[in-house]
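Coordinate inspection notes
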Amino acid sequence: MPGQTPRQQLTNLIDEHWAYRIQSVGKVGCYGCTSQWLDYDGHAEHLTELIEDQAGWRPPARVIKTPENEGDYTDAIATLDALPRGAVIQFRCHVYQSIGSGWWEAIGRHRAFSTEQVVDLADGDDVTVLHTPENGDTHA
Ligand SMILES: [Zn+2]
């Protein structure tokens, strides 16, 4: 509904899709969609999908820990390198985008950094994953 806050939209969505249990068949029906006959877990999943798709809910941003200088970079490098090409990360007010193969472009700085250099620059600060291309969210 136009003019509603996102929170109101979410409240309405949950209100419209509440489940009613039919003991004789061991299923629940969804009041929002009369053709839906699901088991209890199935209805919870159905509601989760609606919240993600219709209400546009996004999971909290993923945070990657980095070691301070002289620490063991192995885990942080492996985690960052596992992000897909196009992923966008942020730390210390700087934003970097993966250009693949363990390289990152510093947005606004016109140069590339290796993942090891990125971990070195983060120096113990948290790296926040702002975007991944596959999901458009922060779950890589
Ligand atoms: Zn429903």
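Residues numbered from 1 in each chain as written. Predicted model: local features only at pLDDT ≥ 70, side-chain atom pairs only at ≥ 80, totals over all residues.

**A short note on the domain arrangement of the protein chain**
Each assigned domain of the protein chain is listed with its residue range as follows: domain 1 (6-53) and domain 2 (62-131). For domain 1 and domain 2, the distance between their C-alpha centres works out to 40 Å. (Domains from an automatic or database assignment.)

**Side note on unusual backbone geometry**
Positioned with a positive phi, cysteine 93 is a non-glycine residue whose angle comes to about 70°. Its place among the elements puts cysteine 93 in the loop between strand 5 (88-91) and strand 6 (94-100). Look at aspartate 123: it is not a glycine, yet its phi comes out positive at around 50°. Its place among the elements puts aspartate 123 in the loop between helix 4 (115-122) and strand 9 (127-131). (Helix = DSSP H or I, 4+ residues; strand = E, 2+ residues; numbered from the N terminus.)

**A few points about the environment of leucine 121**
Along the chain, leucine 121 turns up in helix 4. Taking the C-alpha atoms as reference, leucine 121 lies 16 Å from valine 63; in sequence the two are 58 residues apart.

**Describing the sheet that holds strand 5**
Adjacent strands of a sheet pair through backbone hydrogen bonds, lying either parallel or antiparallel. Across the sheet, 6 strands lie side by side as 4-9-5-6-7-8; this open sheet has antiparallel pairing. Two strands lie at the open edges of the sheet, namely strand 4 (62-64) and strand 8 (111-114), each paired on one side alone. For this sheet, the mean angle separating the axes of adjacent strands, direction not counted, is 35°. One ladder, built from 3 bridges, connects strand 5 with strand 9; its direction is antiparallel. The partner of isoleucine 89 across the bridge, within strand 9, is valine 129. Packed on one face of the sheet, helix 4 meets strand 5, strand 6, strand 7 (103-106), strand 8 and strand 9 and runs near 85° to strand 8. (Pairing = 2+ DSSP bridges. Axes fitted to C-alpha atoms, helices over the stretch in contact; angles between N-to-C directions. Contact = placed C-beta atoms within 7 Å.)

**Considerations on the nonpolar core**
Counting 13 residues, the largest nonpolar core has Ile89, Val118 and Ala122 as its most contacted members. Listed by contribution, the elements that provide at least two residues to this core are helix 3 (74-81), strand 5, helix 4 and strand 9. Among residues more than four places away in sequence, those in contact with valine 118 are Leu80, Tyr96, Trp104 and Phe113. (Core = buried A, V, L, I, M, F, W, Y, C linked by C-beta atoms within 7 Å. Buried ≥ 20, exposed ≤ 12 C-beta atoms within 10 Å, placed from the backbone.)

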